[in-house]
Amino acid sequence: MKQFWLFNRTWETSLKKRYIMAYKIDPSACVNCGTCEPDCPVGAISENDGHREIDSSKCVSCGTCASVCPATAISEE
Ligand code: SF4
Ligand code: SF4
């Protein structure tokens, strides 16, 4: 049963990497307004060193952050 769980997790991670690309924030374009952070449904956005960044392991690629960013600093990887 444990082996099946491990296989399933590996398969899920592989699929996510292959088909669901995370979004990323261009730090040079981000004006750190904070608009995107509360709109992320999975809490993947946080502040770091004067700009926001996305935790790619949490991002589910919904695109909400990119649609609300006034600086168009967010795009798909
Ligand atoms: S694309 Fe969606 S899940 Fe990913 S960081 Fe933006 S709002 Fe969050
Ligand atoms: S909405 Fe855009 S400019 Fe504002 S913090 Fe997020 S990435 Fe930066």
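Residues numbered from 1 in each chain as written. Chains lettered and ligands numbered in written order. Predicted model: local features only at pLDDT ≥ 70, side-chain atom pairs only at ≥ 80, totals over all residues.

## Overview of the overall build of the protein chain
Piece 1. Scanning the protein chain from terminus to terminus reveals two helices and four strands.
Piece 2. A separation of at least 24 residues holds for 65% of the contacts in the protein chain among residues at least 6 apart in sequence. (Helix = DSSP H or I, 4+ residues; strand = E, 2+ residues; numbered from the N terminus. Contact = placed C-beta atoms within 7 Å.)

## As for the site of ligand 2
Piece 1. Taken together, 13 residues lie around ligand 2, and Cys-30, Cys-33, Thr-35, Cys-36 and Cys-69 are the ones closest in.
Piece 2. Classifying every residue of the shell around ligand 2 gives nine nonpolar, three polar and one charged. (Near = placed C-beta within 6 Å. Nonpolar A, V, L, I, M, F, W, Y, C, P; charged D, E, K, R; others polar.)

## Some remarks on the environment of Val-42
Piece 1. Take Val-42: it is sitting in the loop between strand 1 (23-25) and strand 2 (45-48).
Piece 2. Counting along the chain gives 18 residues from Val-42 to Val-60, while the straight-line C-alpha distance between them is 7.7 Å.
Piece 3. Discounting residues that sit within four places of it in the chain, Val-42 has contacts with Lys-58 and Val-60.

## A word on the pairing of strand 2
Piece 1. Across four bridges, strand 2 lies against strand 3 (residues 51-54) in antiparallel orientation. Note on strand 3: the bridge partner recorded for Asn-48 is His-51.
Piece 2. What sits between strand 2 and strand 3 in their antiparallel hairpin is a turn of two residues, with Asp-49 showing a positive phi close to 55 degrees. (Pairing = 2+ DSSP bridges.)

## Quick word on the nonpolar core
Piece 1. In terms of nonpolar packing, the biggest core is built from twelve residues, these being Tyr-23, Ile-25, Cys-36, Cys-40, Ala-44, Ile-45, Ile-54, Cys-59, Cys-65, Cys-69, Ala-73 and Ile-74.
Piece 2. Among residues more than four places away in sequence, those in contact with Cys-69 are Thr-35, Cys-36 and Ile-74. (Core = buried A, V, L, I, M, F, W, Y, C linked by C-beta atoms within 7 Å. Buried ≥ 20, exposed ≤ 12 C-beta atoms within 10 Å, placed from the backbone.)

Remember that the coordinates give geometry; whether it matters functionally is a separate question.
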